[in-house]
Amino acid sequence: MDMHTDRALPARIGRLRELAYNLWWSWQPNASWLFQHLDKTLWELTHHNPVKFLQQIAPAKLEAAATDAAFLRNYDGLMLSFDKCLTAKGTWFTEKYPQLAGHTIAYFSAEFGMHVSLPIYSGGLGILAGDHCKEASDIGVPLVGVGFVYPQGYFQQRITAEGRQEATYERFDYNAAPMEQVISRDTEGGLLRLHLNGSVIHVAVWRVRLGSVSLYLMDTDVEENDPWNRELSARLYGGDQETRIRQEMVLGIGGIRMLDRLGIRPAVCHANEGHASFMLLERIRQLVQGGASFADAVQHVRATTLFTTHTPVPAGHDAFSFHLVEKHFAGYWEELGIDREQFLALGGHPDGYGGVNFNMTALSLRLAGRYNGVSELHGRVSRAMWHSMWPDKTEDEVPITHITNGVHTPTWIAPEMDKLFTKYLGHDWRDRHDDPTLWERIYDVPDRELWETHTHLKHNLLNFMRERVRQDWMKESAGPMRVIAGGTLLNPHALTICFARRFATYKRALLMFKDIARLKRILHDDWRPVQIVFAGKAHPADAPGRSLIYEIYQLARDHNLGGRIAFVENYDIHVAKHLVRGADVWLNNPRPPLEASGTSGQKAALNGAPHCSILDGWWYEGYKGTNGWAIDPGVSEGVSDDERDAADALALYRVLEEELVPLYFDRDSDGVPRRWVQLVKEAIRTAAPIYSARRMVKEYTDRMYVPAIQASEGK
Ligand SMILES: *Cc1c(COP(=O)(O)O)cnc(C)c1O
């Protein structure tokens, strides 16, 4: 059987293919229902990828569905809302800004996390970009995304029986991915040809649809390119500095030229982190080539560009040596109408070791006109961090504001919670989900029903973990230690804490193991057992990050910890959905103030898993005293890292022993922990409306995009 030949669809349900190629389906509960109704087992086997699913489904099942009244009722209903979304009429944006229809905002990002079928993200930055675009479609903001498709994606993680992370890259199956080629050797004009630094890079372009929003992804892995240029888009964050600068040239410079070729003329450009900021130079170059002076071109680009910075960790800001920049941009600066010194000065920034290099954040701060960090605290930290660029201003006057991150509610809500909200908040809860008054009704949900829904989701999580380990056990005869570390001994009645994120050292995954004896007492209380589930990848080049995974794995295998520590491999969107929906508590204990925002805790809170966290990132503003827990050691600044770690560990144990565990196990005669459920309701009420992508994208639109569009019109 040829897997890649699409099945002919019966005409009555012929638009299923169109639906499969628009990821909009992935945040519609009725769409999963349709696919499950067609063939539930195949839906699971194809990992919820409808493109693959339609390639493999038995024709008889499609024929049957085409005359099945229940199926057709749902199909027709879904297509009606699909068409409504595609026209983007009557949306928040078109109602509020009717005069701005027809403008486009181009959103540049090195990664986009949207669905498991497109492995082109590594973590928070990508998921945020995906959530931003999905929400833009939901509220009608006229946005297009610009990025890369990485043929080998980000790596798949497997942990060996000894606890070592193995990274494998596999070419993902383009035929089974929800994307279509819009620029290829066969389209009019052929591949995009980028003349960069004396050589030509050929680029193919793929389109991914997210409702009414399109993402255009560049791909250099085409036969026409030299091997080193084919490699450019091979992997996300792979390769050396030279690969990296060339990737960023393709993303920024190529991105603008690609939009030209597609006939898209953005009024506003948004750089999601500095990776894409060479687009600033390219836009200036085009204006100068069109006759503007360098100064006028800069002024126009400033007025129409937004730059979002995402991390206070210095190593998270890309910087290149002047030598490398000179090698790749020689000849380019003349087209900007400036000389070498002026060009290098655009990105010049101290490297922290007494030298100067070309820093992408510094470039962005000089050439974009609007800037933001991603939480209130991160805004403040960024103003201090970049104060030197505005020496005549006070720190408070540094023009970097903040827009706090939020998550795309329809993507992250568990279907079971969705049903509960529909029942008690109303059928239109999804349409109104950023309205805080809607969430007052969370108190109408009976405690018992909320608790039972949560318990069901927690069982789902534990079953999911067991099934994964079972599959592994069959496939590669994984040793018993891996089966245990994978979570087979977990207890559905134990308080389940989840810690899932990238393994970077500042996130301090080992903090709770500071005092093993004390932790053991917490885990092994026969009346009030506690267990911890870990997940996350370490960047393959990050040796300290990998060794954290190794250590946690040793603890998960340790008899003395009794199977109460588990590690779920290959953290991705799919795993994240299970974890944030099934956890009792979401833990985060970074070394402050290094967590810019963090969004996984927002996903968990939305689903009724309160956050227990250091007062950093979004929690610094999100914690209200009654909606979760603060790990607050009360130490002031100026202590050493070791002292801070010790104080934070003590604060964490105290919160667990004195607050969390007693509250969780304080049950009524019917087994429901009333006071805990109250806290869960507070967590949902306070987090759901505010830490949603809807609130976030509206804020970006009102405060950034619209003023920038108006500036572009004023020109
Ligand atoms: C949400 C999410 C993240 C980002 O969450 P943080 O809290 O910033 O760590 C990373 N990876 C995946 C797979 C996610 O779903």
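Note that the structure is a prediction, hence the values are computed from the model and not measured.

## Let's talk about the overall build of the protein
The helix and strand inventory of the protein stands at 29 helices and 21 strands. For the C-alpha atoms alone, the extent of the protein along its principal axes is close to 80 × 70 × 50 Å. Split into buried and exposed, the 715 residues of the protein put 59% on the buried side. Contacts spanning at least 24 positions in sequence make up 73% of the contacts within the protein whose residues lie at least 6 apart. Roughly 27,500 Å² of accessible area belongs to the protein as shown, and the carbon and sulfur atoms make up 51% of that amount. Within the protein, the 89 negative side-chain charges are centred at a point lying 3 Å from the centre of the 78 positive side-chain charges.

## What to know about the sheet that holds strand 12 (residues 348–350)
Judged by pairing direction, the sheet is antiparallel, and its three strands sit side by side in the order 11-13-12 without closing on themselves. The open sheet has two edge strands, strand 11 (319–320) and strand 12, and neither has a second partner. Lying over the sheet, helix 16 (residues 360–367) contacts strand 11, strand 12 and strand 13 (356–359), oriented at roughly 65 degrees with respect to strand 13.

## Here we look at the domain arrangement of the protein
Each domain of the protein was delimited in the assignment, giving domain 1 (3–87), domain 2 (95–153 + 179–319 + 368–405 + 698–712) and domain 3 (410–691). A C-alpha centroid distance of 33 Å is found between domain 2 and domain 3. At the junction of the two partners, domain 2 supplies 26 residues and domain 3 supplies 24 residues. Overall, the association of domain 2 and domain 3 removes approximately 1,800 Å² of surface from exposure, summing both partners, and the carbon and sulfur fraction of that is 59%.

## Some thoughts on unusual backbone geometry
A cis amide bond, omega 0 degrees, links Pro592 with the succeeding residue Pro593. Its identity is not glycine, yet Glu273 carries a phi of approximately 80 degrees, on the positive side. Along the chain, Glu273 falls in the loop between strand 9 (268–272) and helix 11 (278–289). Notably, Arg508 is not glycine yet its phi reads approximately 50 degrees, a positive angle.

## Some details on the site of the ligand
Neighbouring the ligand are 13 residues, the closest being Trp412, Ala576, Thr599, Ser600 and Lys603. Contacts to the ligand include Ser600, whose side-chain N or O atom sits 2.5 Å from an oxygen atom. Between Lys603 and the ligand, the recorded distance is 2.7 Å, taken from a side-chain N or O atom to an oxygen atom. Contributions of two or more residues to the shell around the ligand are made by helix 8 (124–138), helix 24 (573–582) and helix 25 (600–606). Residues belonging to the shell around the ligand are distributed by class as follows: five nonpolar, five polar and three charged.

## Some details on the sheet that holds strand 18 (residues 565–568)
Adjacent strands of a sheet form backbone hydrogen bonds with each other and so pair up, either parallel or antiparallel. In space, the six strands of this open sheet follow the order 18-17-16-19-20-21, with parallel pairing throughout. Two strands close off the open sheet at either side, each with one partner strand: strand 18 and strand 21 (628–631). Averaged over all neighbouring strand pairs, the angle between strand axes comes to 20 degrees, with direction disregarded. Bridge count for strand 17 (residues 530–535) against strand 18 is four bridges, and the pairing is parallel. Each residue of the ladder has a partner; that of Phe534, found in strand 18, is Phe567. Here helix 22 (residues 516–523) sits on the sheet and contacts strand 17 and strand 18; the angle it forms with strand 17, its principal contact strand, is near 115 degrees. The strands that helix 23 (residues 543–557) touches are strand 17 and strand 18; relative to strand 18, the one it contacts most, it runs at about 130 degrees.

## Observations concerning the pairing of strand 19 (residues 585–588)
The alternating pattern of strand 19 places Val585 and Leu587 on one face and Trp586 and Asn588 on the opposite face, and all of these are buried. As defined by bridge partners, strand 16 (residues 495–500) adjoins strand 19 across two bridges and the pair is classed as parallel. Across the sheet, the residue bridging to Ile497 is Val585, located in strand 19. Of the pairings in the sheet, the one linking strand 19 to strand 20 (residues 611–614) comprises three bridges and is parallel in character. Each residue of the ladder has a partner; that of Leu587, found in strand 20, is Cys612.

## Overview of helix 28 (residues 674–687)
Over its 14 residues, helix 28 runs 20 Å from end to end, which matches the ideal 20 Å to within 8%, given 1.5 Å per residue. Extensive coverage of helix 28 is indicated by the burial of ten of its 14 residues. Within the span of helix 28, buried status applies to Trp676, Val677, Leu679, Val680, Lys681, Glu682, Ala683, Ile684, Thr686 and Ala687.

## A short note on the side chain of Ser26
Tracing the sequence through the fold places Ser26 in the loop between helix 1 (16–20) and helix 2 (29–38). There is a polar contact of 2.7 Å between the side chain of Ser26 and the backbone oxygen of Leu23.

## Observations concerning the pattern of salt bridges
Evaluated as defined, the whole model comprises 49 salt bridges. A salt bridge links Asp525 to Arg528; its shortest N-O distance comes to 3.8 Å. Accessibility expressed as a relative area gives 31% for Arg528, which makes it partly exposed. Salt bridges sharing partners connect three or more residues here, namely Asp447, Arg448, Glu452, Asp668, Asp670, Arg674 and Lys681.

## Concerning the environment of Leu42
With respect to the helices and strands, the residue Leu42 is situated in helix 3 (residues 40–45). Along the primary structure Leu42 and Lys52 are separated by ten residues, whereas in three dimensions their C-alpha atoms are 9.6 Å apart. Residue contacts for Leu42: discarding those within four places in its chain leaves Phe53, Gln56 and Ile57.

## Focus: the side chain of Asp572
Looking at the secondary structure, you find Asp572 in the loop between strand 18 and helix 24. Here Asp572 occupies a buried position and makes no salt bridge, while the nearest side chain of opposite charge, Arg468, is found at 5.0 Å. Separated by 3.1 Å, the side chain of Asp572 and the backbone nitrogen of His574 make a polar contact.

## Regarding the packing of helix 15 (residues 340–347) against helix 16
Running from N to C, helix 15 and helix 16 point in directions that differ by 100 degrees, and their axes come no closer than 6 Å. Viewed along their axes, helix 15 and helix 16 adopt a mutual orientation that is roughly perpendicular. The segment helix 15 lies against helix 16, with Ala345, Leu346 and Gly347 engaging Ala362, Leu363, Arg366 and Leu367. For the contact of helix 15 with helix 16, the per-class residue count stands at five nonpolar, one polar and one charged.

## Side note on helix 2
Within the sequence span of helix 2, burial applies to Ala31, Leu34, Phe35 and Leu38. Taken end-on, helix 2 shows its buried residues confined to a sector of 90 degrees, consistent with a single buried face. Along its buried surface, helix 2 packs onto helix 1, helix 3, helix 4 (50–56), helix 5 (59–65) and helix 6 (69–87).

Rules behind the numbers
- Along every chain, residues carry numbers that run from 1 in the direction the sequence is written.
- Where totals are concerned, whole chains, interfaces and linings use all residues; where local detail is concerned, this predicted model gives features only for residues with pLDDT of at least 70, and gives and counts side-chain atom pairs only at 80 or more.
- Side-chain measures here rest on the full set of heavy atoms in the structure, leaving out hydrogens and waters.
- In this description a helix means any DSSP run of H or I spanning at least four residues, a strand means any run of E spanning at least two, and both kinds are numbered starting from the N terminus.
- Summary of the burial criterion: residues with accessible area below 20% of their type's maximum are buried, those above 50% are exposed, and those between are partly exposed, where the area comes from a 1.4 Å probe applied to protein chains only.
- Any pair of residues with heavy atoms lying within 4.5 Å of one another is described as a contacting pair.
- Working definition of accessibility: Shrake-Rupley area with a 1.4 Å probe, residue cover restricted to the visible protein chains.
- Here Asp and Glu are counted as negative and Lys and Arg as positive; His is not counted, and neither are the chain ends.
- Where a charge lies is defined by one atom per residue type: Lys uses NZ, Arg uses CZ, Asp uses CG and Glu uses CD.
- DSSP calls a pair of strands paired once it identifies at least 2 bridges connecting them.
- As a rule, the C-alpha atoms of each element are fitted with a line to give its axis, helices using only the stretch in contact, and angles between N-to-C directions run from 0 to 180 degrees.
- The domain boundaries here were taken from an automatic or database domain assignment.
- Note on definitions: buried area is the accessible-area loss of two parts on being combined, 1.4 Å probe, summed for both.
- Nearness is defined per residue: one heavy atom within 4 Å of the molecule or strand is enough.
- Within 3.5 Å is the distance limit for a polar contact, defined as a pair of N or O atoms, with the added protein rule that one can donate a hydrogen and the other accept it, and that residues adjacent in sequence qualify only through two side-chain atoms.
- Put simply, Ala, Val, Leu, Ile, Met, Phe, Trp, Tyr, Cys and Pro go in the nonpolar bin, Asp, Glu, Lys and Arg in the charged bin, and everything else, Gly too, in the polar bin.
- One less than the residue count of a helix, multiplied by 1.5 Å, gives the span that helix is expected to have.
- In the sections that follow, a salt bridge refers to a side-chain nitrogen of Lys or Arg positioned within 4 Å of a carboxyl oxygen of Asp or Glu.
- Angle categories: roughly parallel below 35 degrees, roughly antiparallel above 145, roughly perpendicular from 65 to 115, and oblique for all the rest.
- Regarding the arc, it is the one traced by the directions from the helix axis to the C-beta atoms.

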